[in-house]
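# Results of the structural survey
Here are the chains, one letter per residue:
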Amino acid sequence: MNARILFTTVRMALWPALLAGLAALQPAAAQERADAPPAVAQAPKEGEPEKKDASLRPEDVFKLPLEQLGNVPARAPATGSFQTPVSSVTRSLDIPLPTAGAAPAAPSATVGASPAAVYVITAEDIERSGQRTIPDLLRMVPGLEVARIDANKWAVSSRGFNNRFANKLLVQMDGRTLYTPLFAGVFWDERDTLLADIQRIEVIRGPGATLWGSNAVNGIISIVTKPASETQGWLMEGGSATDQSAQGFIRYGGQVNKDLHYRWYLKYFDWDNGYGPQGQPGFDGWDQLRGGFRMDWKVSDDGSLMVQGDLFQGRLGDTLTTPTLAPPFTQTVDEQIDIGGGFFLARYDHVLSKESNLSLRFFYDRTHRSEFMVGEDRDILDLDFQHRFPIGERHDLIYGWNYRYTTDGIRNSFGIEFDPRARGDHQFSCFVQDDVALVKDRLHFIFGSKFEYNDYTGFEMQPSTRLLWTPSERQTVWGAISRAVRIPSRADENIRVAVEAIPPGVAPLPLVPTFLGNPTLPAETVIAYEAGYRVSPTEKFQIDLAAFFNDYDDLRSIAPPGPPILQTSPFPYLLLPIPFGDQLYGETYGVELAASWQVAEYWKLHAGYTWLQVQLHAEPGTFAREAEEGTSPHNQFNLRSYLDLTPTIKFDTGLYYVDNLPALNIPHYLRLDARIAWQPRSGFEAVLGFQNLLDPRHLEFRQEFPNILSTEAERVVYGFVRLKY
């Protein structure tokens with residue numbers, strides 16, 4: 001059955017059941033409201049009659065006139081973890097008002113009230129998961145695919161198309177993009193911070209391009225760090241692991257006065273080499289020294305300034321196989337990669353009123369990377385402005401603009417070459433979005449668009465419409481239709497990659513099939529259809545369900561090869577050109593489920609499940625890469641337990657299942673992690689952790705271009721001591 005027909009049929013069949021389920025759940029929700037503490041009533045505006053409390057059932061939305069529905073009092077759409085703030089969905093800001101104890105101006109949305117598939121990794125999750133890197137933290141998120149390539153490389157994607165440079169996932173930290181324009185993706189070995197300083201990681205599956213622009217196609221990962229006022233005093237940690245020689249950091253936070261807080265930190269780690277699938281030693285060790293600071297200054301009663309920056313230097317390795325023009329026409333090298341760089345970010349936020357604010361953000365980012373086949377020096381300058389304000393009583397409008405300029409300098413080799421070797425690119429964009437309260441705090445219609453100009457494909461428009469319905473304080477229904485684009489990367493247009501070198505025989509000279517960039521490539525596009533339902537039958541149990549259907553066009557493919565071209569440097573050979581094309585299209589669809597249960601005051605459970613189907617189609621006469629269907633798992637599952645054995649001992653476990661990857665010949669695996677933390681007194685903690693307890697080693701992913709030896713994820717024992725005062 002055609003995927004689109006299947007999706008339409010299932011959607012039509014599920015909506016009546018969903019509405020019936022809402023009605024069935026309503027009595028339980030009403031009973032919970034009766035048992036729960038009363039909500040804080042909001043004072044009526046001057047000259048406005050006091051509104052009476054009322055209970056709105058789901059079916060009432062279709063029966064009452066709009067003027068009566070407008071009198072329904074405000075209620076929170078969910079409880080518990082659904083009240084976790086999330087700012088990336090609406091680009092809202094957590095700016096405190098001058099009046100002590102007042103609510104934030106234009107507050108960020110919550111998980112429960114978000115018209116998108118959103119999951120938030122909290123500071124508690126970061127601490128109790130026992131994970132030691134940002135990519136590994138993302139394993140707990142339904143809809144994300146996280147796979148280790150070697151000790152310093154990961155493949156991270158959302159809703160399909162996973163590879164090392166997953167080009168449809170936008171990653172940012174405090175609004176600073178971590179997405180590289182070189183290959184379109186993220187160098188996870190460069191993008192790091194102190195995990196103890198992360199306040200939350202917001203993960204939005206599905207397009208977010210209307211607010212965040214191109215490349216936010218299948219999702220957004222937004223890392224939000226803690227204000228300096230929340231990290232005061234000394235914090236030190238030191239430890240080791242069976243796959244690490246050392247790890248540790250030191251952080252200090254202080255204040256100049258009550259309005260100016262700051263912190264600085266130093267972090268160092270050294271990862272050991274791993275082992276390949278045949279037990280051969282790898283060369284994927286990784287060490288890095290990083291330092292940074294953050295300052296938060298309340299400039300005035302209405303304005304605040306945040307400034308932060310980092311510097312880092314590191315070395316990492318891998319085992320690389322690359323073609324050569326001399327017998328045996330291939331070579332395998334253990335390469336050492338030098339990386340370094342830093343950034344500076346400043347953001348000024350100004351409160352205009354309780355419903356209005358504006359923000360101006362600037363950052364400069366510089367990175368250096370030197371590999372055997374390619375080297376890069378890149379500079380990024382970015383300026384961003386946004387303004388939020390109400391129009392009347394039913395419209396919440398936000399608009400903004402952005403300018404980005406990036407330059408690079410490339411060091412070429414026979415295996416990978418860029419032409420031109422240096423390039424500068426401009427990108428201009430603006431956006432506008434209106435949140436219309438059809439029924440205040442109950443039914444919202446959100447629509448808007450991003451308008452963007454870039455040097456690769458010119459003008460792009462990325463609209464979206466969303467509907468958010470909260471029929472009761474414990475239920476949320478949402479739906480969305482969006483268009484997003486992934487603009488070509490530097491590699492898509494300007495790269496030349498030697499795939500292999502075929503010895504002379506059929507041809508009088510070595511024949512080198514070579515992928516060639518294509519300057520005429522259009523942007524990849526997706527039309528995404530999403531729907532979700534969240535329910536909290538009790539304050540201790542919550543379920544979040546999301547379903548999606550994505551329709552892609554102009555996906556990257558491999559066009560038919562052209563006639564061989566004679567090359568004379570560095571030695572005579574025949575180049576077989578294989579240009580990139582856009583003859584691939586397809587669909588992805590699936591279901592994502594997250595649940596949390598506060599079993600008891602001392603025990604909490606979290607679970608997640610993902611089902612994903614990828615269907616790609618090649619136009620006739622092309623060599624399109626339909627095999628990418630098998631680079632993402634059909635099924636994933638995780639179950640995490642946070643258990644306080646005693647007031648001083650915590651025992652946490654995580655179970656992760658990942659289905660097989662047929663295109664990469666990767667079997668399924670089951671991973672079990674455990675962590676024991678002992679806190680005998682305030683300011684001291686000792687942790688003993690275990691990872692991959694169920695098998696000695698397993699493979700998670702392979703990288704084919706360039707051909708890098710994948711090493712296996714090992715069974716690990718780690719320990720550290722943390723001091724705080």
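Residues numbered from 1 in each chain as written. Predicted model: local features only at pLDDT ≥ 70, side-chain atom pairs only at ≥ 80, totals over all residues. Heavy atoms only, no water.

Counted according to the given criterion, the structure contains 52 salt bridges. One salt bridge in this structure joins arginine 722 and glutamate 237, with 2.6 Å as the shortest N-O distance. Remark: glutamate 237 occurs in strand S10 (residues 233-241) and arginine 722 occurs in strand S38 (residues 716-724); sequence separation between them is 485 residues. Of the charged contacts in the structure, one is a salt bridge between glutamate 493 and arginine 423, with a shortest N-O distance of 3.2 Å. One end of the pair, glutamate 493, is in helix H6 (residues 490-494); the other, arginine 423, is in strand S20 (residues 422-439), and 70 residues separate them in sequence. According to the relative accessible area criterion, arginine 423 is buried, its value standing at 16%. One continuous salt-bridge network, built from bridges that share partners, spans Glu124, Glu127, Arg128, Lys604, Asp644, Asp652, Arg675 and Glu685. (Salt bridge = Lys/Arg side-chain N within 4 Å of Asp/Glu carboxyl O. Helix = DSSP H or I, 4+ residues; strand = E, 2+ residues; numbered from the N terminus. Buried < 20%, exposed > 50% of the residue type's maximum accessible area, 1.4 Å probe, protein only.)

This next bit is on the nonpolar core. A general tendency of soluble globular proteins is for nonpolar side chains to be buried together. Membership of the largest hydrophobic core comes to 32 residues, with the highest contact counts inside it found for Ile121, Leu138, Val156, Trp188, Ile201 and Ile221. If we ignore the near neighbours within four places in the chain, the residues touching isoleucine 121 are Ile126, Leu137, Leu138, Met140, Val141, Arg200 and Ile201. In this structure, Val111, Val120, Ala184 and Ile398 belong to the second largest nonpolar core, which totals 18 residues. (Core = buried A, V, L, I, M, F, W, Y, C linked by side-chain atoms within 4.5 Å. Contact = heavy atoms within 4.5 Å.)

Quick look at the environment of isoleucine 481 now. Mapped onto the elements of the fold, isoleucine 481 is located in strand S23 (residues 475-486). Taking the relative accessible area as the measure of exposure, isoleucine 481 reaches 43% and is therefore partly exposed. When the C-alpha atoms of isoleucine 481 and glutamate 530 are compared, they prove to be 6.5 Å apart, with 49 residues separating the residues in sequence. Every residue in contact with isoleucine 481, bar those within four places of it in the chain, is listed here: Pro463, Ser464, Thr465, Ala528 and Tyr529.

Mapped onto the elements of the fold, aspartate 150 is located in strand S4 (residues 144-150). Of the polar contacts made by the side chain of aspartate 150, one reaches the backbone nitrogen of asparagine 152; its length is 3.0 Å. A distance of 3.0 Å separates a polar atom in the side chain of aspartate 150 from the backbone nitrogen of lysine 153. The residues touching aspartate 150, leaving out its near neighbours within four places in the chain, are Asp284, Gly317, Asp318, Ile708, Leu709 and Thr711. (Polar contact = N/O pair within 3.5 Å; in protein donor to acceptor, adjacent residues only side chain to side chain.)

Taken residue by residue, the chain gives an average pLDDT of 87. The fraction at 70 or more is 86%. Per-residue pLDDT, averaged within each element of the chain, yields its smallest value for helix H1 (residues 3-35) (37) and its largest for strand S32 (residues 649-658) (98). (pLDDT = per-residue confidence, 0-100.)

Attention now moves to the sheet that holds strand S3 (residues 117-122). Pairing in this open sheet of 5 strands is mixed, and the strands run S3-S8-S9-S6-S7 from one edge to the other. Each edge of the open sheet carries a strand with a single partner, namely S3 and strand S7 (176-177). Bridge count between strand S8 (residues 198-205) and strand S9 (residues 219-225): 7 bridges; the pairing is antiparallel. Paired with valine 203 across the two strands is isoleucine 221, which belongs to S9. (Pairing = 2+ DSSP bridges.)

Given two aromatic rings, one states the distance between the centres and the angle between the planes to describe the pair. Summed over all chains, the structure comprises 21 aromatic pairs. Seen from their ring centres, tryptophan 678 and phenylalanine 684 are 6.3 Å apart, and the 90° between their planes marks the pair as edge-to-face. Through pairs of rings, three or more aromatic residues link up here, namely Trp154, Phe269, Trp271 and Trp286. Here arginine 91 stacks its cationic end above the ring of tryptophan 212, 4.4 Å away from the centre of that ring. One cation-aromatic arrangement involves arginine 159 over phenylalanine 548; the distance from NZ or CZ to the ring centre is 4.1 Å. (Phe/Tyr/Trp six-rings, centres within 6.5 Å; stacked < 30°, edge-to-face > 60°. Lys NZ or Arg CZ within 6 Å of the ring centre and 35° of its normal.)

Let us now look at the pairing of S20. Here 15 bridges tie strand S18 (residues 395-411) to S20, and the two strands are oriented antiparallel to one another. The residue of S20 that forms the bridge with isoleucine 398 is glutamine 433. In this structure, S20 lies alongside strand S21 (residues 443-454), joined through 12 bridges in antiparallel fashion. The residue bridging serine 429 from the neighbouring strand is glutamate 452, located in S21. Hairpin connection of S20 to S21: 3 residues between the antiparallel strands, including aspartate 441 at a positive phi of 60°.

Before going further, it helps to examine the pairing of strand S14 (residues 303-323). Of all 21 residues that make up S14, 15 are buried, and the element is covered over most of its length. Across 12 bridges, the pairing between strand S13 (residues 286-297) and S14 is antiparallel. Among the inter-strand pairings, aspartate 296 is bridged to a residue of S14, identified as methionine 306. The antiparallel hairpin formed by S13 and S14 contains 5 residues in its connecting segment. Bridge count between S14 and strand S15 (residues 330-353): 21 bridges; the pairing is antiparallel. In the sheet register, leucine 320 faces S15, and the bridge partner there is valine 333. Alignment of S14 against strand S36 (residues 707-708), held across 2 bridges, turns out to be antiparallel. Residue pairing for S36: leucine 320 is matched across the bridge by isoleucine 708.

Quick look at a nonpolar patch on the surface now. On the surface, a cluster of nonpolar side chains totalling about 380 Å² of accessible area is made up of Leu645, Phe651, Ile676, Leu688 and Val717. You can call valine 717 partly exposed: its relative accessible area is 35%. (Patch = residues over 30% accessible without salt bridge, like charges linked within 9 Å, V, L, I, M, F, W, Y side chains within 5 Å. Areas by Shrake-Rupley, 256 points an atom, 1.4 Å probe, with all protein chains shown as cover.)

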